[in-house]
Amino acid sequence: MSNYRFFDEYNEETTEELKNNYSNIISGLGEDITREGIVKTPERASKAMQFLTQGYDQDPAEILKGAMFAEDYNDMVIIKDIELYSLCEHHILPFFGKAHVAYIPNGHIVGLSKIPRVVDVFARRLQVQERLTHDILECINDTLKPKGVAVVIEASHMCMMMRGVQKQNSVTTTSGFRGQFEKIETRNEFLKLISSSLS
Ligand SMILES: Nc1nc2c(ncn2[C@@H]2O[C@H](COP(=O)(O)OP(=O)(O)OP(=O)(O)O)[C@@H](O)[C@H]2O)c(=O)[nH]1
Ligand SMILES: [Zn+2]
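Residues numbered from 1 in each chain as written. Chains lettered and ligands numbered in written order. Predicted model: local features only at pLDDT ≥ 70, side-chain atom pairs only at ≥ 80, totals over all residues. Heavy atoms only, no water.

1. Examining the overall build of the chain
If you tally the helices and strands in the chain, you get 7 helices and 7 strands. Dimensions of the chain, computed from the C-alpha atoms along their principal axes, are close to 60 × 40 × 20 Å. Pairs at least 24 apart in sequence give 73% of the contacts found in the chain among residues at least 6 apart. Carbon and sulfur atoms make up 51% of the accessible area of the chain, which amounts to about 11,100 Å² in all. (Helix = DSSP H or I, 4+ residues; strand = E, 2+ residues; numbered from the N terminus. Contact = heavy atoms within 4.5 Å. Areas by Shrake-Rupley, 256 points an atom, 1.4 Å probe, with all protein chains shown as cover.)

Encoded structure:
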(Lines give C-alpha, C1' and ligand atoms only; values in the text may rest on other atoms or scores of the structure.)
(Ligands and ions follow the chains in the order given, each with its own letter.)
Protein backbone atom coordinates (compact mmCIF):
# COMPACT_ATOMS: atom_id res chain seq x y z
CA MET A 1 0.00 0.00 0.00
CA SER A 2 1.57 3.30 -1.04
CA ASN A 3 1.20 6.41 1.07
CA TYR A 4 0.46 8.78 -1.73
CA ARG A 5 1.51 8.11 -5.25
CA PHE A 6 1.35 10.27 -8.29
CA PHE A 7 -1.48 8.57 -10.06
CA ASP A 8 -0.09 7.38 -13.36
CA GLU A 9 -0.20 3.64 -12.83
CA TYR A 10 -3.54 2.00 -13.31
CA ASN A 11 -4.33 -1.55 -12.31
CA GLU A 12 -4.68 -3.40 -15.62
CA GLU A 13 -7.31 -5.83 -14.41
CA THR A 14 -9.46 -3.06 -12.88
CA THR A 15 -9.03 -0.90 -15.98
CA GLU A 16 -10.27 -3.73 -18.19
CA GLU A 17 -13.20 -4.61 -15.97
CA LEU A 18 -14.37 -1.02 -15.57
CA LYS A 19 -13.85 -0.42 -19.30
CA ASN A 20 -16.25 -3.25 -20.17
CA ASN A 21 -18.78 -1.99 -17.66
CA TYR A 22 -18.59 1.58 -19.00
CA SER A 23 -19.01 0.22 -22.53
CA ASN A 24 -22.25 -1.43 -21.45
CA ILE A 25 -23.46 1.73 -19.75
CA ILE A 26 -22.70 3.89 -22.80
CA SER A 27 -24.39 1.52 -25.25
CA GLY A 28 -27.24 1.17 -22.73
CA LEU A 29 -27.75 4.92 -23.12
CA GLY A 30 -28.31 4.35 -26.83
CA GLU A 31 -24.92 5.66 -27.95
CA ASP A 32 -22.87 4.13 -30.76
CA ILE A 33 -19.85 2.80 -28.90
CA THR A 34 -17.81 2.65 -32.14
CA ARG A 35 -18.11 6.31 -33.05
CA GLU A 36 -14.85 8.20 -33.09
CA GLY A 37 -15.42 10.55 -30.14
CA ILE A 38 -16.62 7.78 -27.89
CA VAL A 39 -14.59 4.74 -28.85
CA LYS A 40 -11.95 5.45 -26.20
CA THR A 41 -14.40 6.78 -23.60
CA PRO A 42 -14.81 3.52 -21.64
CA GLU A 43 -11.06 3.46 -21.04
CA ARG A 44 -10.91 7.16 -20.18
CA ALA A 45 -13.86 6.83 -17.80
CA SER A 46 -12.31 3.76 -16.23
CA LYS A 47 -9.09 5.65 -15.53
CA ALA A 48 -10.92 8.76 -14.34
CA MET A 49 -12.93 6.69 -11.86
CA GLN A 50 -9.78 4.97 -10.58
CA PHE A 51 -8.20 8.38 -10.07
CA LEU A 52 -11.26 9.69 -8.24
CA THR A 53 -11.35 6.66 -5.92
CA GLN A 54 -7.61 6.22 -5.37
CA GLY A 55 -8.14 6.86 -1.65
CA TYR A 56 -9.11 3.21 -1.13
CA ASP A 57 -5.47 2.22 -1.74
CA GLN A 58 -3.92 4.84 0.49
CA ASP A 59 -3.27 4.81 4.22
CA PRO A 60 -3.88 8.25 5.75
CA ALA A 61 -2.39 7.33 9.13
CA GLU A 62 0.90 6.46 7.39
CA ILE A 63 0.85 9.85 5.69
CA LEU A 64 0.62 11.62 9.05
CA LYS A 65 3.17 9.34 10.72
CA GLY A 66 5.64 10.13 7.94
CA ALA A 67 5.96 13.77 9.06
CA MET A 68 5.40 14.08 12.80
CA PHE A 69 7.91 16.27 14.58
CA ALA A 70 8.45 16.71 18.31
CA GLU A 71 7.70 20.36 19.09
CA ASP A 72 6.61 22.20 22.20
CA TYR A 73 3.84 24.26 20.56
CA ASN A 74 0.57 24.15 22.44
CA ASP A 75 -1.62 26.55 20.48
CA MET A 76 -4.11 26.06 17.72
CA VAL A 77 -2.92 25.21 14.20
CA ILE A 78 -5.51 25.85 11.49
CA ILE A 79 -5.38 24.84 7.84
CA LYS A 80 -8.40 26.37 6.20
CA ASP A 81 -9.89 26.50 2.71
CA ILE A 82 -8.66 23.04 1.71
CA GLU A 83 -10.51 22.39 -1.54
CA LEU A 84 -12.02 18.94 -1.81
CA TYR A 85 -13.75 16.88 -4.46
CA SER A 86 -15.56 13.71 -3.48
CA LEU A 87 -18.25 11.41 -4.85
CA CYS A 88 -21.55 10.83 -3.09
CA GLU A 89 -22.08 7.16 -2.47
CA HIS A 90 -25.78 7.34 -3.35
CA HIS A 91 -25.57 8.68 -6.91
CA ILE A 92 -21.82 8.58 -7.68
CA LEU A 93 -22.03 12.28 -8.50
CA PRO A 94 -19.49 14.81 -7.22
CA PHE A 95 -19.78 16.88 -4.12
CA PHE A 96 -17.17 19.56 -3.68
CA GLY A 97 -16.24 22.42 -1.42
CA LYS A 98 -13.81 23.28 1.34
CA ALA A 99 -12.50 21.67 4.50
CA HIS A 100 -11.18 23.61 7.48
CA VAL A 101 -9.06 21.58 9.88
CA ALA A 102 -7.49 22.57 13.20
CA TYR A 103 -5.59 20.77 15.90
CA ILE A 104 -3.86 21.61 19.16
CA PRO A 105 -0.53 19.75 19.35
CA ASN A 106 0.35 17.50 22.23
CA GLY A 107 4.14 17.28 21.92
CA HIS A 108 4.08 16.72 18.15
CA ILE A 109 3.27 18.88 15.19
CA VAL A 110 2.64 17.42 11.73
CA GLY A 111 3.92 18.55 8.34
CA LEU A 112 1.30 21.03 7.12
CA SER A 113 0.82 19.46 3.69
CA LYS A 114 -0.13 16.15 5.30
CA ILE A 115 -3.48 17.51 6.48
CA PRO A 116 -4.76 18.27 2.93
CA ARG A 117 -3.35 14.89 1.86
CA VAL A 118 -5.45 13.17 4.51
CA VAL A 119 -8.49 15.14 3.34
CA ASP A 120 -7.84 13.92 -0.22
CA VAL A 121 -7.42 10.27 0.79
CA PHE A 122 -10.83 10.19 2.46
CA ALA A 123 -12.48 12.39 -0.20
CA ARG A 124 -11.30 10.08 -2.99
CA ARG A 125 -13.69 7.32 -2.00
CA LEU A 126 -17.46 6.94 -2.28
CA GLN A 127 -18.60 9.06 0.64
CA VAL A 128 -21.27 10.94 2.50
CA GLN A 129 -20.20 14.31 3.81
CA GLU A 130 -20.85 13.34 7.43
CA ARG A 131 -18.60 10.27 7.27
CA LEU A 132 -15.91 12.19 5.38
CA THR A 133 -15.89 14.75 8.21
CA HIS A 134 -15.56 12.07 10.89
CA ASP A 135 -12.99 10.02 8.95
CA ILE A 136 -10.66 13.05 8.83
CA LEU A 137 -11.35 13.93 12.45
CA GLU A 138 -10.77 10.43 13.85
CA CYS A 139 -7.68 9.79 11.74
CA ILE A 140 -5.95 12.93 13.03
CA ASN A 141 -7.15 12.26 16.58
CA ASP A 142 -5.98 8.63 16.64
CA THR A 143 -2.66 9.17 14.85
CA LEU A 144 -1.38 12.51 16.06
CA LYS A 145 -3.10 12.22 19.47
CA PRO A 146 -3.41 16.00 19.75
CA LYS A 147 -5.04 17.90 22.64
CA GLY A 148 -7.91 18.64 20.29
CA VAL A 149 -8.99 18.45 16.66
CA ALA A 150 -11.73 20.19 14.70
CA VAL A 151 -13.03 19.66 11.16
CA VAL A 152 -15.60 21.75 9.29
CA ILE A 153 -16.64 20.88 5.74
CA GLU A 154 -18.82 23.00 3.49
CA ALA A 155 -19.90 21.37 0.26
CA SER A 156 -22.28 21.54 -2.68
CA HIS A 157 -23.72 18.27 -3.94
CA MET A 158 -24.21 17.80 -7.69
CA CYS A 159 -26.92 15.24 -6.98
CA MET A 160 -28.94 18.09 -5.44
CA MET A 161 -28.05 20.52 -8.25
CA MET A 162 -28.16 18.66 -11.58
CA ARG A 163 -31.02 16.33 -10.70
CA GLY A 164 -33.40 15.50 -7.87
CA VAL A 165 -34.37 18.56 -5.88
CA GLN A 166 -32.36 20.85 -8.26
CA LYS A 167 -31.23 23.45 -5.72
CA GLN A 168 -28.24 25.39 -7.08
CA ASN A 169 -27.24 27.44 -4.06
CA SER A 170 -27.61 25.22 -1.03
CA VAL A 171 -24.43 24.48 0.87
CA THR A 172 -24.17 21.68 3.43
CA THR A 173 -22.00 22.26 6.49
CA THR A 174 -20.79 19.41 8.69
CA SER A 175 -18.48 19.62 11.67
CA GLY A 176 -16.78 17.49 14.28
CA PHE A 177 -14.86 18.40 17.41
CA ARG A 178 -12.70 16.34 19.74
CA GLY A 179 -10.74 17.08 22.92
CA GLN A 180 -10.26 20.76 23.77
CA PHE A 181 -12.52 21.80 20.86
CA GLU A 182 -15.44 20.32 22.79
CA LYS A 183 -15.05 23.34 25.11
CA ILE A 184 -17.19 26.19 23.84
CA GLU A 185 -14.45 28.89 24.13
CA THR A 186 -11.93 26.89 22.06
CA ARG A 187 -14.55 25.93 19.51
CA ASN A 188 -15.64 29.59 19.21
CA GLU A 189 -12.05 30.76 18.76
CA PHE A 190 -11.64 28.28 15.89
CA LEU A 191 -14.96 29.24 14.30
CA LYS A 192 -14.03 32.95 14.58
CA LEU A 193 -10.67 32.34 12.92
CA ILE A 194 -12.27 30.55 9.96
CA SER A 195 -15.34 32.81 9.82
CA SER A 196 -14.08 34.83 6.84
CA SER A 197 -13.96 31.54 4.89
CA LEU A 198 -17.43 30.32 5.83
CA SER A 199 -20.26 31.01 3.41
N1 LIG B 1 -26.78 12.82 4.56
C2 LIG B 1 -26.29 12.86 3.32
N3 LIG B 1 -27.11 12.66 2.28
C4 LIG B 1 -26.60 12.73 1.05
C5 LIG B 1 -25.26 13.01 0.79
N6 LIG B 1 -25.09 13.02 -0.56
C7 LIG B 1 -26.29 12.76 -1.09
N8 LIG B 1 -27.22 12.59 -0.13
C9 LIG B 1 -28.65 12.29 -0.15
O10 LIG B 1 -28.90 10.91 -0.25
C11 LIG B 1 -30.30 10.77 -0.39
C12 LIG B 1 -30.67 9.50 -1.10
O13 LIG B 1 -32.05 9.46 -1.03
P14 LIG B 1 -32.97 8.49 -1.91
O15 LIG B 1 -34.41 8.90 -1.67
O16 LIG B 1 -32.60 7.09 -1.65
O17 LIG B 1 -32.50 8.83 -3.39
P18 LIG B 1 -33.21 9.72 -4.49
O19 LIG B 1 -34.56 9.19 -4.82
O20 LIG B 1 -32.26 9.84 -5.65
O21 LIG B 1 -33.37 11.12 -3.73
P22 LIG B 1 -33.45 12.61 -4.28
O23 LIG B 1 -32.04 13.12 -4.38
O24 LIG B 1 -34.24 13.37 -3.24
O25 LIG B 1 -34.12 12.57 -5.64
C26 LIG B 1 -30.78 12.06 -1.03
O27 LIG B 1 -31.58 12.74 -0.09
C28 LIG B 1 -29.46 12.85 -1.26
O29 LIG B 1 -29.64 14.26 -1.13
C30 LIG B 1 -24.40 13.21 1.91
O31 LIG B 1 -23.20 13.45 1.78
N32 LIG B 1 -24.97 13.13 3.14
ZN1 LIG C 1 -26.00 11.95 -4.09
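2. Regarding unusual backbone geometry
Positive phi, close to 55°, is recorded for I92, a residue that is not glycine. As for its position among the elements, I92 is in the loop between strand 2 (77-88) and strand 3 (94-104). The class for I92 is partly exposed, based on a relative accessible area of 44%. The phi dihedral of Q166 is positive, around 55°, even though this residue is not glycine. (Buried < 20%, exposed > 50% of the residue type's maximum accessible area, 1.4 Å probe, protein only.)

3. Focus on the domain arrangement of the chain
Each domain of the chain was delimited in the assignment, giving domain 1 (12-52) and domain 2 (62-197). Relative placement of domain 1 and domain 2: their C-alpha centres are 33 Å apart. (Domains from an automatic or database assignment.)

4. Quick word on the UniProt feature "domain: GTP cyclohydrolase I" (unreviewed entry) in the chain
Summarizing the sequence annotation, UniProt attributes the feature "domain: GTP cyclohydrolase I" (unreviewed entry) to residues 20-194 in the numbering used throughout. For residues 20-194, the end-to-end C-alpha separation is 45 Å, with 38% helix and 28% strand making up the annotated structure. (UniProt positions renumbered as here; feature names shortened; annotations may be inferred.)

5. Quick look at the pattern of salt bridges
Inspection of every chain in the model, using the stated rule, returns 7 salt bridges. Between K47 and E43 there is a salt bridge; the shortest N-O distance is 3.1 Å. Taken together, the residues span about one helical turn, with K47 and E43 both in helix 2 (residues 41-52) at a distance of 4 residues. Classification of E43 by relative accessible area gives partly exposed; the value is 27%. With a shortest N-O distance of 2.6 Å, E89 and R131 are connected by a salt bridge. With E89 in the loop between strand 2 and strand 3 and R131 in helix 5 (residues 129-144), this residue pair connects regions lying 42 residues apart in the sequence. Take E89: its relative accessible area is 33%, and that puts it in the partly exposed class. (Salt bridge = Lys/Arg side-chain N within 4 Å of Asp/Glu carboxyl O.)

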